[in-house]
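Here is what each chain is made of, one letter per residue.
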Amino acid sequence: MNPQSLLASASINIGLALVVLSLFSVFKKQPSNAPVYYARRLAKRHHIPFDPPLTLRRFLPSVSWIPRAFRVTEDEIVQSSGLDALIIIRLFKFGIKFFLPCTLIGLVILLPVNYNGQDGPPVDYLSMDSLAISNIRKGSDRLWVHFTCLWLMSFYGLYLLYKEYKEILGKRIHQLQIIRHRPDQFTVLVRGIPLCTGHKARGCSVDHFFSKHHPYSYHSYQMMFNGSYLEDLLDQAKSTARKIEDLRKRSSVEKHNREFLLLCTNGEDSAKITLLEEKLQELSHRIHQLQCEDMLQDKELPVAFVIFKSRWGAALAAQSQQHSHPLLWTTEVAPEPRDVSWKNLAIPNRVLPLYKIGVILAATLLTIFFAVPVTAVQGIARFEKLKKWFPPAMAVQLIPGLSSIVTGYLPSVILNGFIYVIPFAMLGMAKLAGYVSKSKEELKACDMVFYFLVGNVFFLSLVSGSLLDEIGESVTHPKNFPSHLARAVSAQGDFFITYILTDGLSGFSLEILQPGLLLWDLIKSLTYRRGKEKKPYLYSLPYFRVIPVVSLAMLIGMVYALVAPLLLPFLICYFCLGYVVYINQIADVYEVTYETCGKYWPYIHHYILVAIILMQVTMIGLFGLKSKPAASICTVPLLLFSLLFNGYCKLRFYPTFRNYSIQPL
């Protein structure tokens, strides 16, 4: 990619971001858009002040929401949205803290070193390679500058990781102290309950078992029942109740507006309301019949929530094996009620592994199929090769500036479009895996999305030009993997700059504008919801989408921090804009549907550590390609230290996130 293509991509993304953010600042001032931009505050019945109508301020773009975001404190976020929401903000802050000094090092030290890497100005000073490590001649002592910067960046990154882990751990313990009296802290979810042969029921089996083995801490139990047969009836009842409410509101409006119309339609509406009320009473009667004890006994599941007298009793029971048969009396800490995935409780323990194998196979197939669009995107980005493969593409050069847009902006837009769908597909797969809580589903989806993006977007983008050759070479000669990785990384720096620009400037801008919801709200207002009261568009904060995508950007930035330092300033803009956008979204838009007390941070810690290790492996390969074996050998201890640091963090911090302490908080 030439500088003209990069400039075209930057210009389009910056221009689009400015337009979209300006539209957002205007749309947010309109009361009609409050269900989109103030969904959370409306749901909590908070007062939202708006400028008086027909005033100029209401239609002028403003940036007042940006400084307001920087004034929000962490304590305010935890108090209003919980520790999980703060984890998202801390991820953006980590990126700013890490890449700000790295940018100074890259621009002040590495760029001049790279530019003069041939012991003089580069021959092709308009090429992007003149500012990258690829411009340094083989065997040059200037590579020791990169070696020193690698050690500095690595130690600084590990220091920040340790500090963040320690602080998040302290906040988690504090949150657990606050919620220690909550009912779910005294409750254990029990599955695989055998049938009591004497009473032909599982309830008495639960009572006998826990009264015998936990006599001092056991309190009571609540059996679960298969309620899928009630769902249709409940849906019908809700739909009927909504129709009755709408008819009553319509009659009330007509009475105030046109009394003659009331005489013509009142009788008709009253008849409809009477019929619907009779239908609603019949549905309610059927629902009550199905909920009686005799009917419920036939629908009893081998699942129960067992309540204990003390928190330590619940923690002890949840984290110990209750029976010699591992599939009987399995226990785990009960999720809070709003977090429970009720449908998955009906899945038997013995078939859960089959569900998880099916999810793995589905994710593998998706990964394989996704290779097609990624390879096509790289074909567009490599226009010179594309002309050889597809000669009609040369017609693009006939229009001035079009080739720069096609190679600079179009590939990253197409790739981001495909990536947007992936998190939702992975979440759907995680829901089919049988997890008992929504938080576990999103944690699993988060992990799946990250490794999918690393494998398909990062590695596949690097080797898509000669995919089979690279894979075959890596399998037959695994020792050459660092050098192959380094060669591919140094050749793709410009593409990832455009990816960060598109994902950051355009992606975050569209996230805060919510164009899909605006369009849907407009369609509803003009059609079947015309004249009716608007309800807020309340959705859960998409951890499974935000964390993996931002972690991928951090991985790309760390790998290219030494290879192509020109990428670093764009990353600062990326994390700053993301920070401001999600402060706004957390405060005004997204709903908190569950709270894990910071369980997302161990995943983020792992993703960042993977990025640091990939940075070191890449530099080992680059030093080898540049005929500097001493630098490669001296980087190996740094790699080993990073792995030891990971092991230490797993011992020091991770158990408190995975287990529940028996000691009183």
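Residues numbered from 1 in each chain as written. Predicted model: local features only at pLDDT ≥ 70, side-chain atom pairs only at ≥ 80, totals over all residues. Heavy atoms only, no water.

1. A look at the overall build of the protein
Phase 1: Along its length, the protein carries 26 helices and four strands.
Phase 2: Considering only contacts in the protein between residues 6 or more positions apart, those separated by 24 or more positions represent 82%.
Phase 3: When the accessible surface of the protein is totalled, it reaches about 32,500 Å², and 65% of it is carbon and sulfur. (Helix = DSSP H or I, 4+ residues; strand = E, 2+ residues; numbered from the N terminus. Contact = heavy atoms within 4.5 Å. Areas by Shrake-Rupley, 256 points an atom, 1.4 Å probe, with all protein chains shown as cover.)

2. So, unusual backbone geometry
One can expect most non-glycine residues to show negative phi and most peptide bonds to be in trans.
Phase 1: One non-glycine residue, glutamine 514, lies in positive phi territory at about 55°.
Phase 2: In this fold, glutamine 514 is placed in the loop between helix H20 (493–513) and helix H21 (515–526).
Phase 3: Relative accessible area serves as the criterion here: at 13%, glutamine 514 is assigned to the buried category.
Phase 4: The backbone of cysteine 597 shows a phi angle near 60°, a positive value even though the residue is not glycine.
Phase 5: Here cysteine 597 lies in the loop between helix H23 (568–588) and helix H24 (601–625).
Phase 6: Its relative accessible area of 3% is what places cysteine 597 among the buried residues. (Buried < 20%, exposed > 50% of the residue type's maximum accessible area, 1.4 Å probe, protein only.)

3. Some thoughts on a nonpolar patch on the surface
Phase 1: There is a patch of nonpolar side chains on the surface, built from Leu519, Trp520, Leu522, Ile523, Leu526 and Tyr528 and spanning about 630 Å² of accessible area.
Phase 2: The topology assignment puts isoleucine 523 in helix H21. (Patch = residues over 30% accessible without salt bridge, like charges linked within 9 Å, V, L, I, M, F, W, Y side chains within 5 Å. Salt bridge = Lys/Arg side-chain N within 4 Å of Asp/Glu carboxyl O.)

4. Brief notes about the packing of helix H6 (residues 83–115) against helix H22 (residues 543–560)
Phase 1: Where H6 meets H22, the closest approach of the two axes is 11 Å, and the angle between their N-to-C directions is 10°. Regarding the angle of H6 to H22, the classification is roughly parallel. Across the interface between the two elements, Asp84, Ala85, Ile88, Leu91, Phe92, Phe94, Gly95, Phe98 and Phe99 of H6 pack against Tyr543, Val546, Ile547, Val550, Ser551, Met554, Gly557 and Met558 of H22.
Phase 2: Considered class by class, the residues forming the contact of H6 with H22 number 13 nonpolar, three polar and one charged. (Axes fitted to C-alpha atoms, helices over the stretch in contact; angles between N-to-C directions. Parallel < 35°, antiparallel > 145°, perpendicular 65-115°, else oblique. Nonpolar A, V, L, I, M, F, W, Y, C, P; charged D, E, K, R; others polar.)

5. Observations concerning the nonpolar core
Phase 1: Among the nonpolar cores identified, the biggest contains 138 residues, and Phe458, Met558, Tyr560 and Tyr582 are the most heavily contacted of them.
Phase 2: Apart from residues lying up to four places away in sequence, phenylalanine 458 is in contact with Leu453, Val489, Phe496, Leu552, Leu555, Ile556, Val559, Tyr560 and Leu614.
Phase 3: Core analysis: the second largest hydrophobic core is formed by 15 residues, Val188, Met223, Phe308 and Ala317 among them. (Core = buried A, V, L, I, M, F, W, Y, C linked by side-chain atoms within 4.5 Å.)

6. Things to note about the sheet that holds strand E4 (residues 330–333)
Phase 1: Spatial ordering of the open sheet is given by E2-E3-E1-E4, a layout of four strands whose pairing is antiparallel. Edge positions in the sheet fall to strand E2 (218–225) and E4, since each has one partner strand and no second. For this sheet, the mean inter-axis angle between neighbouring strands, taken without regard to orientation, is 25°.
Phase 2: Note: E2 against strand E3 (residues 300–308), six bridges, orientation antiparallel. (Pairing = 2+ DSSP bridges.)

7. Notes on the confidence of the model for the protein
Phase 1: For the protein, the mean per-residue pLDDT works out to 83, and 84% of the residues sit at or above 70.
Phase 2: Across residues 259–264, confidence stays below pLDDT 50; counting only partners more than four residues off in sequence or on other chains, it has five contacts. (pLDDT = per-residue confidence, 0-100.)

8. With respect to the packing of helix H5 (residues 74–81) against H6
Phase 1: At a minimum axis separation of 7 Å, H5 and H6 run at an interaxial angle of 145°. On H6, the residues touching Glu74, Ile77, Val78 and Ser81 of H5 are Leu83, Ala85, Leu86, Ile89, Arg90 and Lys93.
Phase 2: Within the contact of H5 with H6, the residues separate by chemical class into six nonpolar, one polar and three charged.

9. Description of the pattern of salt bridges
A pair can form between side chains of opposite charge whenever their charged atoms are brought close.
Phase 1: One pass over the structure, following the stated rule, counts 15 salt bridges.
Phase 2: Taking the shortest distance from any N to any O, the salt bridge between lysine 93 and glutamate 74 comes out at 2.9 Å. Of this pair, lysine 93 sits in helix H6 while glutamate 74 is found in helix H5, placing the two residues 19 residues apart along the sequence.
Phase 3: Taking the relative accessible area as the measure of exposure, lysine 93 reaches 23% and is therefore partly exposed.
Phase 4: You can call glutamate 74 buried: its relative accessible area is 19%.
Phase 5: A salt bridge links glutamate 441 to lysine 431; its shortest N-O distance comes to 3.3 Å. Of the two residues, glutamate 441 is situated in helix H17 (residues 438–463) and lysine 431 in helix H16 (residues 410–431); the sequence distance between them amounts to 10 residues.
Phase 6: Overall, glutamate 441 belongs to the buried group, its relative accessible area being 2%.
Phase 7: Exposure remark for lysine 431: the relative accessible area of 40% places this residue in the partly exposed category.
Phase 8: Through salt bridges with shared partners, one network takes in Glu74, Arg90, Lys93, Lys97, Glu164, Glu167 and Lys171.

10. Thoughts on the pairing of strand E1 (residues 187–191)
Phase 1: Extensive coverage of E1 is indicated by the burial of five of its five residues.
Phase 2: Taking every second residue as pointing to the same face, both faces of E1 are buried, with Thr187, Leu189 and Arg191 on one and Val188 and Val190 on the other.
Phase 3: In terms of strand pairing, E1 meets E3 through five bridges, oriented antiparallel. If you follow valine 190 over to E3, its bridge partner there is alanine 304.
Phase 4: With four bridges connecting them, E1 and E4 associate as antiparallel partners. Residue valine 188 lies in a different strand from E4, and its bridge partner there is valine 333.

11. Comments concerning the environment of leucine 453
Phase 1: Following the sequence through the fold, leucine 453 ends up in helix H17.
Phase 2: The class of leucine 453 is buried, set by a relative accessible area of 0%.
Phase 3: When the C-alpha atoms of leucine 453 and proline 548 are compared, they prove to be 7.8 Å apart, with 95 residues separating the residues in sequence.

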